[in-house]
Amino acid sequence: MSFPLRARWTLLCLLCLLAPSTASPATYLDELIGRSREQRLSERREWHRLMHYTSNLVTPGVHSLADARRFFLAPDGKTDPQSELEATLAAFFSDIVETDKEQNPQCAFIARYSWLDQQLRFDSARLPRQPCKRFRDWRETLNPQGVTLIFPAASLNNPSSMYGHTLLRVDAKDQDEKTRLLAYAINYAANTDETNGIAFAINGLIGGYPGMFSIMPYYLKVREYNDMENRDIWEYQLNLTPEETDRLLMHAWELGPIYFDYYFFDENCSYYLLELLEVARPDLDLTSPFRWWAIPSDTVREIVKQKGLVKNTVYRPSNATVIHYRLGLMSPDELALINPLARGTASTADRAFAALPPTSQARVLEVSHDYLSYLRATGRSPVEDPQELARKLLLERSRVAAGAEDPPVPVPPVRPDEGHGTSRVGIGGGRRDGLNFVELHGRPVYHDLMDPEGGYVPGAQIEFFDFAVRDYSRGVGVRVEDITPLKIVSIAPRNEFFQPLSWEIDVGWARRRLADGSEPLVFGVNGGPGLAWTVPDTLRSKTMIYGFLESTLQANTRLDKNYALGIGPAIGALIDLTGRWRAEPYARAQWFFAGDTDTPWAVGLKQRYTLERDWALRLDISRERQEKQSWNTVLLSLHHYF
Amino acid sequence: MRKILIAVFLSVVSALAFAQKAAAQQNNIGTCGWGAKLFDGQSGVAPQVLAVTTNGTSGNQTFGITTGTSGCTQDGVVRSTWKTAMFIDGNKERLARDMSIGNGETLDSLAHLIGVRQEDRAAFNRTVQANVSRIFASGSTTDQVVVALKEVLGSDRTLAQYAASI
């Protein structure tokens, strides 16, 4: 085969033309890398935020919190920002065509691409720009206008949500406050099907689950929290610019397939949302206070603290909150119909119902229906086919000629971010069994029933690692009075509509008097079920009385047979004398029937007076009896929350 | 002649089969693989709720960002053809409540979703309220609710224009 000379030249020239274009990515890449080094881009805060780099604890250098291999393009990308940046630039030259399962690196890492493009001004002739259709479609569906931080309040009966939860909502341009249900929510959660609460808690502590971001219609979240779990939701609308919102979404897209080891305490839902916000606005420093633990309400507080970041807040009461409020507004005639209608034991044909005016009928049917939903959601369906009963109530409602009433539930005066700080220290002094003492006490997290209640779920106490040290003036000297790694109390009042169980558990060491008068620190586990009521008016009053049946197991080598097992009642009342002044009289007795036998009891009165949000005075007086010895204690202390 | 009859018969049968299949694929929430399922068996017992909730999501791909096409979602967001059916499926109880009252956030959101203009909102609310027993017939599935809503709107002169966008 022989080509004419001219043709050969043409071919050669073509090769000449082709040669530079195959060589160009390499040279252009070298140029980009060179410029990135000149500009020291890998040291920039934006790059560190995008890669989730955080300083090593002991050694110099950084590591990324991301745990998925695919998040890094360089083999050492988890610890080397420069190497990762160069590998990222190289990957942008990839000619992978986007499919439903695969993306070009420019699209898969679109926030990195966008930032590096801004810094290096990519020449699209030498580094062709990918269309990234999947991302564009996704973004178009979200049609973002802004971002709202969503905070569903704590739910003690769900171990994964004891402190509440946070997620983000992407608000679309064509929505308003009446149609926000249609927005999308970005949620970070442990990806697991675990249904065993204990296994969940343990794995959550040690990072045993992969944490992942997901996106879903906001209405699913509202139904879940408001209707199924009966948790109030707080919405904090953030003041992000369109560019910041875009950065947030691009980064969420990048994190889609990425997992992080999920840690219940620190690297949890709330922590990673803060990181997303830091990517959106690199000037923000939100995460640094949360190196050790990130309590959702504290992260909300941190966001509110940033000047001008929150522009508006919206309260979305749960189904139970709405029912409770509407029941409180009802006349006795109306109230008497709710339970029978919701349980299918009365009909709208009954005289008691028919005699009511239409507005009243409408109200009764609406609340009966909502109450039936509540019963279903809490697993206490009163009839075989609750769906059909609900349908009947609604059909009746549609026939009543009365407009919608839906009285707005008053917004609680204190938002979750406005409550007292979750850490507490106290200093005080008093007298115990004839000895004066001064006391120091600390509690890292979170809230007890005697703390100022605003912003917290009423009746819910969670404390971790509460401890007290006392210095007795004579004889005893300095000693640890008690250490309580865990204490949870859930007191929920019962009435004719709501019948929750109360419960409590505490685990820790406390002083226990022995027959010889010595007082070793004895380990104990104590807890049990209880019941509570509000008095005198079940729907409007805030004074609560409670009773628990407690079981106690104590262990110490100084005890007879090394242990003591007991059972006994505890009763008390929580009384708000004024908005600032709360009192709790209590009495408890135990019958230790196995091991070291004894019948100890205690009666006392705790009082708290709130000075300001983060300061309170406490006065506790008590009389106790153990091993046939009785003594009095009085303690006055000043508490500070932070 | 016989051959022609057979051919006609076969084509009718296949057309019917095709139509059935098309109907099954269109607006049939069951083919999404979630939706109603998400709300089944939710009786409020903590461990059960835990499985799909808050800090523990079940391991499915439906809501994964960048997971491609999965049931009714594309990269985690609901595909436009499913939007209305999905919304009704996820909000059935609240929607029935709002319709029976003729007002409410869930109803507003539905109206917005199917593009009911502001001037037609009052008529829309009135019409669904008057027909709530038809829209939410006894024991009806989401698919049946969707079809019934379509019919109710379709038979109203002002609102017929919106029936198509469900």
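In this text, all values refer to a predicted model and were calculated from it rather than measured experimentally.

Calculation criteria
Residue positions are counted from 1 within each chain, in the order its sequence is given. Throughout, the order in which chains and ligands are written sets their labels, letters from A for the former and numbers from 1 for the latter. Where totals are concerned, whole chains, interfaces and linings use all residues; where local detail is concerned, this predicted model gives features only for residues with pLDDT of at least 70, and gives and counts side-chain atom pairs only at 80 or more. By the criteria applied, helices consist of DSSP H or I runs no shorter than four residues and strands consist of E runs no shorter than two, each listed in order from the N terminus. To sort residues by exposure, count the other C-beta atoms lying within 10 Å of each residue's C-beta; 20 or more gives buried, 12 or fewer gives exposed, and values between give partly exposed, all with C-beta atoms placed from the backbone. Strands were regarded as paired on the criterion that DSSP finds at least two bridges between them. Only the stretch in contact is used when a helix axis is fitted, and all axes are lines through C-alpha atoms; the angle between N-to-C directions ranges over 0 to 180 degrees. If an angle is under 35 degrees, it is roughly parallel; if it is over 145, roughly antiparallel; if it lies from 65 to 115, roughly perpendicular; otherwise it is oblique. Handedness of a helix crossing follows the sense of rotation of the near helix relative to the far helix, less than a right angle counterclockwise being left-handed and clockwise being right-handed. Residue pairs qualify as contacts under a 7 Å threshold applied to their C-beta atoms, which are placed from the backbone. Residue classes follow a fixed rule: Ala, Val, Leu, Ile, Met, Phe, Trp, Tyr, Cys and Pro count as nonpolar, while Asp, Glu, Lys and Arg count as charged, and any other residue, Gly among them, counts as polar. By definition, pLDDT measures how confident the predictor is in each residue, and it falls between 0 and 100. One less than the number of residues in a helix, times 1.5 Å, gives the span that helix is expected to have. Note that domain bounds follow an automatic or database assignment of domains. Note on terminology: a nonpolar core is a set of buried residues of type Ala, Val, Leu, Ile, Met, Phe, Trp, Tyr or Cys, with members joined through C-beta atoms within 7 Å.

Quick notes on the overall build of chain B
Along its length, chain B carries ten helices and four strands. Looking at chain B as a whole, 38% of its 166 residues are labelled buried.

Points about the sheet that holds strand β4 (residues 77-78) of chain B
Residues and elements named next belong to chain B. In spatial order, the strands read β2-β3-β4; together these three strands make up an open sheet with antiparallel pairing. Sheet topology places β2 (69-70) and β4 at the edges, where each strand pairs with a single neighbour. In the sheet, strand β3 (residues 73-74) pairs with β4 via two bridges, with the strands oriented antiparallel. Bridge assignment links Thr 73 to a residue of β4, and that residue is Val 78.

A closer look at the packing of helix α4 (residues 83-90) of chain B against helix α9 (residues 142-154) of chain B
All names here are of chain B. Their axes nearest at 9 Å, the elements α4 and α9 cross at an angle of 120°. In this view, α4 runs oblique relative to α9, as classed from their interaxial angle. The chirality of how α4 crosses α9 is right-handed. Only Thr 142, Val 145 and Val 146 of α9 make contact with α4, whose side of the interface consists of Ala 85, Ile 88 and Asp 89. For the contact of α4 with α9, the residue count by class is four nonpolar, one polar and one charged.

Comments concerning the confidence of the model for chain A
A residue-level look at chain A finds 93% of positions with pLDDT of 70 or above and a mean pLDDT of 90. Below a pLDDT of 50 lies the segment residues 1-23 of chain A, which in the model reaches one contact outside its immediate sequence neighbourhood of four places, other chains included.

Quick notes on helix α10 (residues 269-280) of chain A
All names here are of chain A. The first and last C-alpha atoms of α10 sit 17 Å apart over twelve residues, in line with the 16 Å expected at 1.5 Å per residue. By the criterion of burial, α10 is predominantly enclosed, with twelve of the twelve residues buried. By the burial criterion, the buried members of α10 are Cys 269, Ser 270, Tyr 271, Tyr 272, Leu 273, Leu 274, Glu 275, Leu 276, Leu 277, Glu 278, Val 279 and Ala 280.

Section: the domain arrangement of chain A
Split by domain assignment, chain A resolves into domain 1 (37-130), domain 2 (139-316), domain 3 (330-399) and domain 4 (419-641). The gap between the C-alpha centroids of domain 1 of chain A and domain 3 of chain A is 59 Å.

As for the packing of helix α5 (residues 92-101) of chain B against helix α6 (residues 105-113) of chain B
Residues and elements named next belong to chain B. Direction vectors running N to C along α5 and α6 enclose 95°, while the axes themselves pass 7 Å from each other. Taken together, the axes of α5 and α6 lie roughly perpendicular to each other. Side by side, α5 and α6 meet where Arg 94, Leu 95, Asp 98 and Met 99 of the first sit next to Thr 106, Leu 107 and Leu 110 of the second. For the contact of α5 with α6, the class distribution of residues is four nonpolar, one polar and two charged.

Focus: the nonpolar core
In this structure, Ile 110, Leu 168, Tyr 184, Ala 185, Ala 252, Leu 273 and Leu 276 of chain A are the most contacted members of the largest nonpolar core, which totals 142 residues. Apart from the residues lying within four places of it in its own chain, the contact partners of Leu 168 of chain A are Val 147, Leu 149, Ile 150, Ala 185, Ile 186, Leu 273 and Leu 276 of chain A.

Quick look at the environment of Val 132 of chain B
Note on placement: Val 132 of chain B falls in helix α8 (residues 132-135). In the structure, Val 132 of chain B is positioned 22 residues away from Leu 110 of chain B in sequence and 14 Å away in space, judged by C-alpha atoms. Among residues more than four places away in sequence, those in contact with Val 132 of chain B are Leu 394, Leu 395 and Ser 398 of chain A together with Ala 96, Met 99 and Ser 100 of chain B.

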